[in-house]
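Chains, contacts and geometry: an overview
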Amino acid sequence: MEYSPVCNSVYAAWSSPVKKKLLLLSIMFLIWVYMLYSCVGYCSTMPSLVVDSYRGKESASLGKRTESGGGVGGAGGGLASRLLTKPQPWEDIESDYEEPTVRTSSRDLLDTDRTEDWDDLAGMRAAAEPGAMSSFSSGAGSKKLPQAIIIGVKKGGTRALLEFLRVHPDIRAVGAEPHFFDRNYENGLEWYRELMPKTLEGQITMEKTPSYFVTREAPARIAAMSRGTKLIVVVRDPVTRAISDYTQTLSKKPDIPSFESLTFKNRTTGLIDTSWSAVQIGIYAKHLDNWLQYFPMEQLLFVSGERLISDPRIITDKHFYFNQTKGFPCLKKAEGSSKPHCLGKTKGRTHPNIDPEVVQRLRDFYRPFNLKFYQMTGHDFGWD
Ligand SMILES: Nc1ncnc2c1ncn2[C@@H]1O[C@H](COP(=O)(O)OS(=O)(=O)O)[C@@H](OP(=O)(O)O)[C@H]1O
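Scoring rules and cut-offs
Residues numbered from 1 in each chain as written. Predicted model: local features only at pLDDT ≥ 70, side-chain atom pairs only at ≥ 80, totals over all residues. Heavy atoms only, no water. UniProt positions renumbered as here; feature names shortened; annotations may be inferred. Helix = DSSP H or I, 4+ residues; strand = E, 2+ residues; numbered from the N terminus. Buried < 20%, exposed > 50% of the residue type's maximum accessible area, 1.4 Å probe, protein only. Contact = heavy atoms within 4.5 Å. Areas by Shrake-Rupley, 256 points an atom, 1.4 Å probe, with all protein chains shown as cover. Near = heavy atom within 4 Å. Polar contact = N/O pair within 3.5 Å; in protein donor to acceptor, adjacent residues only side chain to side chain. Nonpolar A, V, L, I, M, F, W, Y, C, P; charged D, E, K, R; others polar. Salt bridge = Lys/Arg side-chain N within 4 Å of Asp/Glu carboxyl O. Pairing = 2+ DSSP bridges. Axes fitted to C-alpha atoms, helices over the stretch in contact; angles between N-to-C directions. Core = buried A, V, L, I, M, F, W, Y, C linked by side-chain atoms within 4.5 Å. Disulfide = S-S within 2.5 Å.

The name an unreviewed UniProt entry assigns to the protein chain is Sulfotransferase, from the organism Neogobius melanostomus. In its Sequence similarities (unreviewed entry) section, the UniProt record describing the protein chain reads: "Belongs to the sulfotransferase 1 family."

This paragraph deals with the overall build of the protein chain. Each helix and strand in the protein chain was counted, giving 16 helices and 11 strands. Within the span of the protein chain, comprising 384 residues, buried residues form 48% of the whole. Intrachain contacts of the protein chain at a sequence separation of at least 6 include 77% that bridge at least 24 residues. Put simply, the protein chain shows about 18,600 Å² of open surface, and 59% of that area lies on carbon and sulfur atoms.

Taken together, 25 residues form the shell around the ligand, and within it T158, K208, S244, G348 and H351 come nearest. One nitrogen or oxygen atom from the main chain of K155 is found 2.9 Å from an oxygen atom belonging to the ligand. A distance of 3.0 Å separates an oxygen atom of the ligand from a polar backbone atom of R349. Isolated, the ligand exposes 640 Å² of accessible area, and the fraction of that covered by the protein chains is 98%. Every element with two or more residues in the shell around the ligand is listed here: α8 (158-165), α11 (238-252) and β11 (328-331). Ranked by residues supplied to the shell around the ligand, first place goes to α8 with four residues. Of the residues in the shell around the ligand, the class split is eight nonpolar, seven polar and 10 charged.

We now examine the UniProt feature "domain: Sulfotransferase" (unreviewed entry) in the protein chain. Those residues carrying the UniProt feature "domain: Sulfotransferase" (unreviewed entry) are residues 146-313 in this numbering. Its end C-alpha atoms 25 Å apart, residues 146-313 is made of 37% helix and 18% strand.

Turning our eyes to something else, we now look at the pattern of salt bridges. Within the structure shown, the criterion is met by 12 salt bridges. Taken together, the salt bridges that share partners define one network made up of K154, R241 and D245.

A few words now on the sheet that holds strand β3 (residues 171-173). Pairing within the open sheet is parallel, and its five strands lie in the order β3-β5-β2-β6-β9. Here the strands that pair on one side only, and so sit at the sheet edges, are β3 and β9 (300-304). Along the sheet, successive strands turn relative to each other by an average axial angle of 30 degrees, direction set aside. In terms of strand pairing, β3 meets strand β5 (residues 204-208) through three bridges, oriented parallel. Paired with I171 across the bridge in β5 is I204.

If you look at the biggest cluster of nonpolar residues, it comprises 33 residues, and the most contacted ones within it are I151, Y192, Y212, I222, W291 and F373. Of all the elements in the fold, those that place two or more residues in this core are β2 (148-152), α9 (189-195), α10 (218-225), β6 (230-235), α14 (284-292), β9 and α16 (356-377). Residues in contact with Y192, not counting those within four places in the same chain, are L145, P146, I149, P178, F180, F181, E207, Y212 and M225. Counting residues in hydrophobic clusters, the runner-up holds 20 residues, among them I150, F164, A173 and L308.

Enumeration according to the criterion identifies one disulfide in this entry. Residue pairing for C330: its cysteine sulfur links by disulfide to C342, the two sulfurs lying 2.1 Å apart. Disulfide C330-C342: the torsion about the S-S bond is 100 degrees, which places it as right-handed. Pair noted here: C330 is in strand β11 and C342 is in the loop between β11 and α16, with a separation of 12 residues, a long-range link. You'll find C330 and C342 in the same group, each marked buried.

Our next topic: unusual backbone geometry. Omega for the peptide link from G152 to V153 comes to -10 degrees, which places this bond in the cis form. Here V153 shows up in the loop between β2 and α8. Residues other than glycine seldom take positive phi values, yet K155 does so here, at roughly 65 degrees. Note on placement: K155 falls in the loop between β2 and α8. Residues other than glycine seldom take positive phi values, yet H179 does so here, at roughly 50 degrees.

Within a regular strand, the side chains alternate between the two sheet faces. Bridge count for strand β10 (residues 320-323) against β11 is four bridges, and the pairing is antiparallel. Within β11, the position partnered with F322 by the bridge is P329. The turn linking β10 back onto β11 is made up of four residues, and G327 within it adopts a positive phi angle of 80 degrees.

The structure is reproduced here in structure tokens:
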């Protein structure tokens, strides 16, 4: 049988062992390229791509806002960008709402505050469509200690901030409040790390536990973990915050004394009871002093809880709509979902009417502390 020159060379190529290997490698490379191509096509159908397109615009628009003096009060505007110090590669995100360790291994995580948060998270879970990409990427990355923590303040709007931030593809957050630096510290850093979602190179790990801000030991403990940790504080008018705090307790224990009677040590003399936590948490200047013993001011970021409601665009401008029924801004698309999402019914409660005289007395009480706080942070939050 005669072979054509072409057949001959093909035969020669097949018959040489080195070339055989080269051919095999080429085939494997082609298969790998094909798989990668299929995956990219698949990813493009995921809702999270919306976030991808936000990313480009966000860096432009948020950058501008930070420059134009968003400063402390508008800190949220550049928040995601500020947390992300270098350009990040696009990676898909997986849902944070499957965290059996957090939900079952710690009794503390079932306290009233977190139960509230889990109400919200249940809502988020329900809103989230099971994304096949989530399971595809669930094994990717590794768990890291948080580089940024929302440390307070209770009832400041911390849940809203975290849920808004985590829409960003490069921010991954644990859903529940770990309470590591106040109640679970003895469990050790590995326990804490285990609670975190997996992150890929360049993504930021976050958590929020509002009680850290008023926990004496928290600054030293966080500094011991990493002095570079970014600390975010959502602050709200301390009087409204106290009423919000009281409203939360009242919703669980309807028999507690009135706000008015709890406010005073002695109503006749008008002496405020500063040992009542609802009052004490709002003395922001005092708590901040404690943090400044361990962290420089540049490490702390203050977000106005009021602006978070009136102008959530300080986070990003295209992800919100104002829900008239809820009376609050809500996300057009929750993380990992294509459906709109508002925070749960435990966020945005109707406050009871408080005697205006008591409110005024509290305003007078907080004024000097607020002024000190404005001086310390270099920002007037406008509560007085
Ligand atoms: N978008 C949006 N939706 C709903 N609620 C919002 C939102 N933004 C800020 N807030 C305000 O957040 C307040 C609750 O604050 P926290 O999440 O920090 O509370 S907690 O400490 O975690 O319990 C909550 O306080 P109350 O209004 O007193 O319930 C809200 O006013």
